[in-house]
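# A structural walkthrough
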Amino acid sequence: MADDRAPFVRVCALSELDEDTPKRVELDGTPVSLVRTVGEVFAIHDICSHANVSLSEGEVEDCQIECWLHGSSFDLRTGKPSGLPATRPVPVYPVKIEGDDVLVSLSQES
Ligand code: FES
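Residues numbered from 1 in each chain as written. Predicted model: local features only at pLDDT ≥ 70, side-chain atom pairs only at ≥ 80, totals over all residues. Heavy atoms only, no water.

## A few points about the nonpolar core
Residues I44, C48, L55, I65, C67, F74 and L76 are the most contacted members of the largest nonpolar core, which totals 15 residues. Those residues within four positions of C67 in sequence are excluded, and the remaining contacts are C48, V53, L55, S72 and F74. If you look at the next biggest cluster of nonpolar residues, it comprises 13 residues, including V11, V25, V32 and V102. (Core = buried A, V, L, I, M, F, W, Y, C linked by side-chain atoms within 4.5 Å. Buried < 20%, exposed > 50% of the residue type's maximum accessible area, 1.4 Å probe, protein only. Contact = heavy atoms within 4.5 Å.)

## Comments concerning the sheet that holds strand β1 (residues 8-13)
Across the sheet, which stays open at both edges, the three strands sit in the order β1-β10-β9 with antiparallel pairing between neighbours. For this open sheet the edge positions go to β1 and β9 (95-98), each flanked by a neighbour on one side alone. Ignoring which end each strand starts from, the neighbouring axes of this sheet average 30 degrees apart. Note: β1 against strand β10 (residues 101-105), five bridges, orientation antiparallel. Its bridge partner being in β10, F8 is matched across the sheet by S105. (Pairing = 2+ DSSP bridges. Helix = DSSP H or I, 4+ residues; strand = E, 2+ residues; numbered from the N terminus. Axes fitted to C-alpha atoms, helices over the stretch in contact; angles between N-to-C directions.)

## Focus: the pairing of strand β3 (residues 30-37)
Put simply, side chains in a regular strand alternate between the two faces of the sheet. For β3, the tally of buried residues reaches seven of eight residues, placing the bulk of the element in the interior. Relative to β3, strand β2 (residues 23-27) runs antiparallel, the two being bridged by five bridges. What sits directly across from R24, in β3, is S33. Between β2 and β3, which pair antiparallel and follow one another directly, the connecting turn spans two residues, one of which, D28, has a positive phi of 50 degrees.

## Points about the packing of aromatic side chains
For the coordinates displayed, the defined rule picks out zero aromatic pairs. The ring of F8 carries K96 above its face, with NZ or CZ at 4.4 Å from the centroid. (Phe/Tyr/Trp six-rings, centres within 6.5 Å; stacked < 30°, edge-to-face > 60°. Lys NZ or Arg CZ within 6 Å of the ring centre and 35° of its normal.)

## A look at the pattern of salt bridges
Considering all chains together, one arrives at five salt bridges under this definition. Salt-bridge contacts for K23 lead to E16; the nearest nitrogen and oxygen are separated by 3.5 Å. Relative accessible area serves as the criterion here: at 26%, K23 is assigned to the partly exposed category. Between D46 and R24 there is a salt bridge, with the nearest N and O atoms lying 2.7 Å from each other. Of this pair, D46 sits in the loop between β4 (40-45) and β5 (59-61) while R24 sits in strand β2, and the two are 22 residues apart along the sequence. Under the relative-accessibility criterion, D46 is labelled buried at 0%. In this structure R24 comes out as partly exposed when scored by relative accessible area, which is 39%. When salt bridges with common partners are traced through the structure, they connect R24, E26 and D46 into a single cluster. (Salt bridge = Lys/Arg side-chain N within 4 Å of Asp/Glu carboxyl O.)

## A short note on the environment of A6
Within the element layout of this structure, A6 appears in the segment before β1. Between the C-alpha atoms of A6 and V104, which are 98 residues apart in sequence, the distance is 9.1 Å. Excluding its chain neighbours within four sequence positions, the residues that come into contact with A6 are S105, L106 and S107.

Structure, rendered in structure tokens:
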């Protein structure tokens with residue numbers, strides 16, 4: 001059976017990610033925010049589902065990233081907003097760590 005999932009691509013070094021400090025990268029033209037927190041690395045689409053602003057400029061707390069403009073927070077594991085005004089989730093992407101390399105696939109987690 002064909003595997004149509006997107007390949008994992010190296011996006012940065014693990015050592016470039018500071019705890020709880022989002023880093024914006026681009027993967028095939030898609031903006032992605034990488035977040036190192038709670039001992040893991042998460043990848044979430046870098047555009048808020050409420051308006052066209054960058055989530056990587058927001059704050060990270062309790063495995064959530066907060067949109068700086070109107071304050072909705074998105075769960076880094078699921079992309080779901082925890083409160084208004086955003087009502088739609090943001091895509092999250094699978095991450096692999098290989099040595100000091102951070103790899104992301106644009107396949108969406110379901
Ligand atoms: S733009 Fe993100 S909550 Fe409004």
